[in-house]
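Architecture at a glance
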Amino acid sequence: MDVVIRNASLPDGRRGIDVAIADGKIAAVAAALPARGAQEIDAGGDLLSPPFVDAHFHMDATLSYGLPRVNQSGTLLEGIALWGELKPQLTQEALVERALRYCDWAVARGLLAIRTHVDVCDDRLLAVEALLEVKRRVAPYLDMQLVAFPQDGLLRSPTALANLKRAIGMGVDVVGGIPHFERTMADGAESVRILCEFAAGQGLRVDMHCDESDDPLSRHIETLAYHSHRLGLHGRVAGSHLTSMHSMDNYYVSKLLPLMKEAGVAAIANPLINITLQGRHDSYPKRRGMTRVPELMAAGIDVAFGHDCVMDPWYSLGSGDMLEVAHMGLHVAQMTGQDAMRACYAAVTEAPARILGLHGYGIAAGCHADLVLLDAASPVEAIRLRAARRLVMRRGKVVAESPRAVARLSLPGRPEQADFRL
Ligand SMILES: [Zn+2]
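Residues numbered from 1 in each chain as written. Predicted model: local features only at pLDDT ≥ 70, side-chain atom pairs only at ≥ 80, totals over all residues. Heavy atoms only, no water.

In terms of helices and strands, the chain carries 14 helices and 18 strands. By the compact-globule yardstick of 22 Å for 422 residues, the chain fits well, its C-alpha radius of gyration being 22 Å. Once the C-alpha set of the chain is aligned to its principal axes, its extents read approximately 65 × 45 × 45 Å. For the chain, with 422 residues in total, the buried portion stands at 56%. If you take every contact in the chain between residues at least 6 apart in sequence, the share linking residues at least 24 apart comes to 74%. Of the roughly 16,900 Å² of accessible surface on the chain, 53% is carried by carbon and sulfur atoms. Positive and negative side-chain charges of the chain, numbering 44 and 49 respectively, have mean locations separated by a distance of 2 Å. (Helix = DSSP H or I, 4+ residues; strand = E, 2+ residues; numbered from the N terminus. Rg over C-alpha atoms; globule rule 2.2 N^0.38 Å. Buried < 20%, exposed > 50% of the residue type's maximum accessible area, 1.4 Å probe, protein only. Contact = heavy atoms within 4.5 Å. Areas by Shrake-Rupley, 256 points an atom, 1.4 Å probe, with all protein chains shown as cover. Lys, Arg positive; Asp, Glu negative; His and termini not counted. Charge placed at Lys NZ, Arg CZ, Asp CG, Glu CD.)

Pasting the structure below:
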């Protein structure tokens, strides 16, 4: 064996587990494996997890905070306007540089797969070229999936559809959309039909920004589920944000969730961004705006939490830490039960892995040896502590390390070191 990791806890609750790795893949997972590794790693009972997966990100905008100016109102619409001001000034070199820098952060945090939207409404498709280049360069470390995203509206922007098709032809993986930003509800529904038919014809996945609005009558998710079912796209379609669902009529939602389940449509909430951008027109009481995460999960629908933004026109914070995302999601959704918190951990690991269609993801013989060893004993503790990533492994090689968090004390009668674990 190349590597054997000893005495690990796994996200499913198993403890005292050894994981043997050969040729970049997991060869065996069991207690007290007899095989010796050329390298032996003592997990010391810590949580060994498959890597974090971000199902929703904007790598073309990341780390551009303050360019050309700061979003004063903090709203989604000023963010979109600001991005429109920045777009003509973008250069490919700067885009590549910022994206690579973010990927470094991601790998250090154990985030090894990212689905990023890329704006296709700039006729030069500069960002598409830049992110395809980044995808090639980071492939040894990180799986990137690109979504062709018509930020200015598929029908509202005259060249968006042609550009989106060009982007797919250049190698972009997934068909995106933004129906709630079209001029009318009817145009929004029409954009969903066009995009789903195009994706079905090309054999591609779909991931739309859908109903990112506080308007309870923004119901494009219903249309997305309808066309997904009609075209046989089950398991290949995700609705991102779905914030209007927060404000919808309960009776209507009781009809909608089974339609999503029937169509195999997944939901991607973005807790940091939803809690920041939604409810901006409210006085008090002020809505949270995040979609109905526990209800979607209870209906058997795959739900992921995405990061969405890090230091860009919409959001001035973030660091590529999916535990921070899960932590916020848990609070906003009030998912404080033990099972609910574990589901929030799954929403930044296995659920987005399914949504992206990642192959060889997980901790089982035959999976890629892509692993994160956390300074925590369980998924719940990992979220509580936003635990240090002691070690990040990609295809069996260590690609990042962080020290354990300890305080060095000298109080009489107290241990010299204190950690944050119970
Ligand atoms: Zn987004």
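Here the narrative resumes.
The next point concerns the coordination of the zinc ion. Protein-derived ligands of the zinc ion are H56 (NE2), H58 (NE2), H209 (NE2) and D308 (OD), with the metal-ligand distances lying across 2.0 to 2.6 Å. Metal-centred angles of 86 to 178 degrees between the four donor atoms at the zinc ion mark the site as irregular. Sequence positions of the donors to the zinc ion reduce to the motif H-x1-H-x150-H-x98-D. Here H58 is found in the loop between β6 (52–57) and α1 (76–86), whereas its partner D308 is found in the loop between β13 (303–305) and α11 (322–332), with 250 residues between them in sequence. Judged on exposure class, the residue H58 and its partner D308 are both buried. (Donors = N, O, S within 2.8 Å, 3.2 Å for Na, K, Ca; no water. Tetrahedral: all angles 85-135°; square planar, octahedral: opposite > 155°, others 65-115°.)

For the structure shown, the criterion picks out 27 salt bridges. We note a salt bridge from R137 to E133, for which the minimum N-O separation is 3.5 Å. Of the two residues, R137 and E133 both sit in helix α3 (residues 126–138), four residues apart, roughly one turn of that helix. Between R230 and E197 there is a salt bridge, with its nearest N and O atoms 2.8 Å apart. Of this pair, R230 sits in helix α6 (residues 220–230) while E197 sits in helix α5 (residues 185–202); the two residues are 33 residues apart in sequence, bridging distant segments of the chain. (Salt bridge = Lys/Arg side-chain N within 4 Å of Asp/Glu carboxyl O.)

With that settled, the discussion passes to the sheet that holds strand β16 (residues 397–401). The four strands are arranged β5-β14-β15-β16 in an open sheet whose pairing can be described as antiparallel. Across the chains shown, the open sheet's two edge strands, defined by having one partner strand only, are β5 (47–49) and β16. On average, adjacent strands in this sheet sit at an angle of 20 degrees to one another, irrespective of strand direction. Direction of pairing for strand β14 (residues 371–374) relative to strand β15 (residues 389–394): antiparallel, over a ladder of four bridges. Each bridged residue has a counterpart across the sheet, and for L373 the counterpart in β15 is L391. (Pairing = 2+ DSSP bridges. Axes fitted to C-alpha atoms, helices over the stretch in contact; angles between N-to-C directions.)

Moving on: the sheet that holds strand β11 (residues 237–241). Pairing is parallel in the open sheet, where eight strands are placed in the order β6-β7-β8-β9-β10-β11-β12-β13. Among the strands making up the open sheet, the edge pair consists of β6 and β13. Sheet topology places strand β9 (residues 174–175) next to strand β10 (residues 205–210); two bridges connect them, and they run parallel. Counterpart to V175 in the pairing with β10 is V206.

Compared with an ideal rise of 1.5 Å per residue, which puts 18 residues at 26 Å, α5 spans 26 Å between its outermost C-alpha atoms and is within 8% of the ideal. Taken as a whole, α5 has its buried residues at G188, S191, V192, I194, L195, C196, F198 and A199. Phi for G203, located one or two positions after α5, is positive at around 70 degrees. (Expected span 1.5 Å × (residues − 1).)

Across the nine residues of strand β7 (residues 111–119), nine count as buried, placing the element largely inside the fold. One ladder, built from four bridges, connects β6 with β7; its direction is parallel. For F52, the partnering residue across the bridge sits in β7 and is L111. Of the strand pairs in this sheet, β7 and strand β8 (residues 143–149) are connected by seven bridges, and their pairing is parallel. Bridged to T116 within β8 is L146. In this view, the connection linking β7 to its parallel neighbour β8 by way of α3 has right-handed handedness. (Right-handed = clockwise from strand over helix to strand, strands pointing away.)

For helix α4 (residues 160–170), the set of buried residues is A160, N163, L164, A167 and I168. Each buried residue of α4 lies within a common arc of 140 degrees when the element is viewed along its axis, so the set occupies one face. Of the surrounding secondary structure, the elements contacted by the buried residues of α4 are α3, β8, β9 and α5. Trailing α4 by a residue or two, G171 shows a phi angle of about 125 degrees, which is positive. (Arc of directions from axis to C-beta.)

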